[in-house]
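# Structural characterization, general
So the chains spell out like this:
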Amino acid sequence: MTIYSFWIFDKHCNCIFNREWTLSSDSSSGTTNSKQNSETAKLLYGLIYSLRNITQKLSNTESGNKNDIRTISTGKYRVHTYCTATGLWFVLLTDFFQQSYLQVLQHIYSHIYVKYVSHNLLLPYDLTENQPILMRGQGTRKITNRHFIAALESFLSPIVE
Amino acid sequence: MSTPPIQTGQVLTSQQKAQQFKLFEDSLPKVNQLAFQLLLNEVVPLSMAVEEKVFDDKIQVNESEDQTNQKAEDVDNSDASNITKDIEDKLHITPELDLPSHVLIHQISTTNAEKREGVIKRLQSIGFNIGSKLTELLVFKNNPNIRFKDAEVLLIMKFICRDVWKQIYGKQIDNLKTNHRGTFYLFDYDYRPIRNFVVDGDISDPSLLEKETSLAQPFLEIPIGIITGVLSSLGFKSEVVACKASFVDKPDGTSKLNFPKGVSFHIQIVNQ
Amino acid sequence: MSTTDKTSSSHSKSLKIIGDEIWKNKTEKINAELFAMTYGSIVSQLCQDFQRDYKKVNDQLFTMGYNIGVRLIEDFLARTAMPRCEDMVRTAEVISKCAFKIFLNISPQVSNWSPNKEAFSLIFPENPLSEFVELPMDATKDLWYSNILCGVMKGALEMVQLDCDVYFVSDVLRSEQQTEIRVKLNKVLRDEIPIGED
């Protein structure tokens, strides 16, 4: 059971957090919010965006239940997505061992993101802070507060190894 | 734990009284604690936003008092703006919004001393009001656990540490120290309103902690107000009470993922 | 057609169950009277600061609510795992049966739908913010005491791409018949598309 990387995208198409593990045996390996991942982030965003878009168009609008993707499997990894109504995407790239990581992603949203971003009044809830230049995928600001990162590490480490 | 059923006319044991009071408390209407905490926390950026507006108004009033010709024009202007406001109300246009909360909170630390004083006064005043009303609520609701005789200060402090803190912050004060001559220290090592507060930066940077505590400082003003409000409504008026708050180190073993410092409230009561 | 009705009413029932269950089991609670008192202290202070210019107080309460709403929405969505609502009818149900239940333990009624189903009213048989409150004479004309609620809803709805006008229509505190807030959809905000994809 291996996790390769974790990403958060916001409603402005920006990657606002990413964590990549390079060694499956070492949960402290890898990078956090590395600038080198910006191209990968854009590609990942595009992949999820396109498939979500098409899926929603294909869903039966009369039933009133909008369809949304949950996982995307490629030859080498599986992408798990959890998309909130506020436009946040929590994304996990893993091996094929587990079918769903929905609960993991939901936990990160409710117990880490909400706690250290939404309820933290010392930092913005929207990293573009109303600057149009940072919208539509052009923003580079990331969640970097130490409690968020520590809580995430502590939650995901046992799962990574 | 089974207490014998309460029969009317029977003298109640203290255990039965406590149980009866608990049933009474549980039956009262309730609200989500989160709603309450968010409301209380938002008062801090609110105070800054109001201070800015009130400050500007104060200056405008002073300026128009200096120029009598301006006065006539001001009256005309205000008529026009009143009409615009009426129209806006009828069209239900969303009012102009303030800056986001985190920006206002940062502003408190960077604004001039006069405005910061204004913000602090406002926060303490709201806290004072809450403290007084809460005392009325708790003391006069026939709570068998609370009894004040001769305004004994220590009892009142314990009331604050146990009942007041539990009602408002969901926990009791962790430690109470006193020299039995009017000086009290109340320690809250996990002050809930700021528990999840954190700023960006590396923990190895010494200025990080300073920044965090200075941004969180205004969040201590409401409890200062609450404490003085409680004391005032129980006979210790503001003239004889001084209350300050500061950040202190936490005892070892507490969670590293919460706000790094605990809070201490230093209360000085004159003539004790 | 009948299957849609059945699903929508069962959705409605399940929203109530979700709201009730979270309120009962997953919520730390405090005395509503303390909550009302605290809010009262805040409104008093504002009336003092703005020297009884109640229009300014209304606006300030609104913007305070907005700042709360934009953050509160994430907590709400995380707790309920609620997906985006497909229309205003569903939105109204979620607001009245889940949101108000979870945060304030009340269930306002949804009514007065506009013909195009884009505006509705919430009628509040009870309001924990204004328990035991009596307004002074001059305030009964201009003050919307619980205007913070409008701000909270405006902020929260905006975060889920619904640009709405949220405003008080009537309030029992003003000796009016009922307490009514109107929610009117202006437009659905379009989700952003990354530059290069459009």
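In short, a report on the structure. (Residues numbered from 1 in each chain as written. Chains lettered and ligands numbered in written order. Predicted model: local features only at pLDDT ≥ 70, side-chain atom pairs only at ≥ 80, totals over all residues. Heavy atoms only, no water.)

## What to know about the side chain of A:Asn14
Residue and element names in this part refer to chain A. For clarity, the cut-off: Secondary structure elements follow DSSP: runs of H or I of four or more residues count as helices, runs of E of two or more count as strands, with numbering from the N terminus. Each polar contact in these results corresponds to two N or O atoms within 3.5 Å; when the atoms are within protein, one needs to be able to donate a hydrogen and the other to accept it, and residues that are neighboring in sequence are counted only if both atoms are side-chain atoms. Any two residues having at least one pair of non-hydrogen atoms within 4.5 Å are treated as being in contact.
Considering the arrangement of structural elements, one finds Asn14 in the loop between β1 (3-9) and β2 (15-20). At 2.7 Å, the side chain of Asn14 forms a polar contact with the backbone oxygen of Leu134. Among residues more than four places away in sequence, those in contact with Asn14 are Ile8, Phe9, Thr128, Leu134, Gly137, Gln138 and Gly139.

## Description of the interface of chain C and chain A
Heads up, the rule is: Two parts placed together each lose some accessible area; with a 1.4 Å probe, that loss summed over both constitutes the buried area. A pairing counts as a salt bridge when a side-chain nitrogen of Lys or Arg comes within 4 Å of a carboxyl oxygen of Asp or Glu.
With 24 residues of chain C in contact, the opposing surface of chain A contributes 30 residues. For the pairing of chain C and chain A, the buried interface totals around 2300 Å² over both sides, and the portion due to carbon and sulfur atoms is 52%. When residues of chain C are sorted by the area they lose upon contact with chain A, C:Arg71, C:Glu74 and C:Glu192 head the list and together hold 34% of the total. On the surface where chain C and chain A come into contact, there are zero salt bridges. Sorting the residues of the side of chain C that touches chain A by element identifies α1 (2-25), α3 (54-80) and α6 (148-159) of chain C as the ones contributing at least two each.

## What to know about the interface of chain B and chain C
Note the threshold: Amino acids are sorted into nonpolar (Ala, Val, Leu, Ile, Met, Phe, Trp, Tyr, Cys and Pro), charged (Asp, Glu, Lys and Arg) and polar (every other residue, Gly among them). Pairs of strands are assigned from DSSP output, requiring at least two bridges between the strands.
Of the residues lining the interface, 48 residues belong to chain B; the matching set on chain C comes to 45 residues. Sorting the residues of chain B by area buried against chain C places B:Val31, B:Asn32 and B:Leu39 first, and these three jointly supply 16% of that buried surface. Across the chain B-chain C interface, the total number found is two salt bridges. For the side of chain B that touches chain C, the elements supplying multiple residues, two or more each, are β1 (30-32), α2 (33-66), α3 (68-91), α4 (101-110), α5 (113-139) and α6 (153-169) of chain B. If you tally residues by element for the side of chain B that touches chain C, the top one is α2(B), at 15 residues. Each residue belonging to the side of chain B that touches chain C can be placed in one class, and the counts come to 24 nonpolar, ten polar and 14 charged. Summarising the sheet, β1(B) and strand β1 (residues 29-31) of chain C pair through three bridges and their orientation is antiparallel. Considered in β1(C), the bridge of B:Asn32 is made with C:Lys29.

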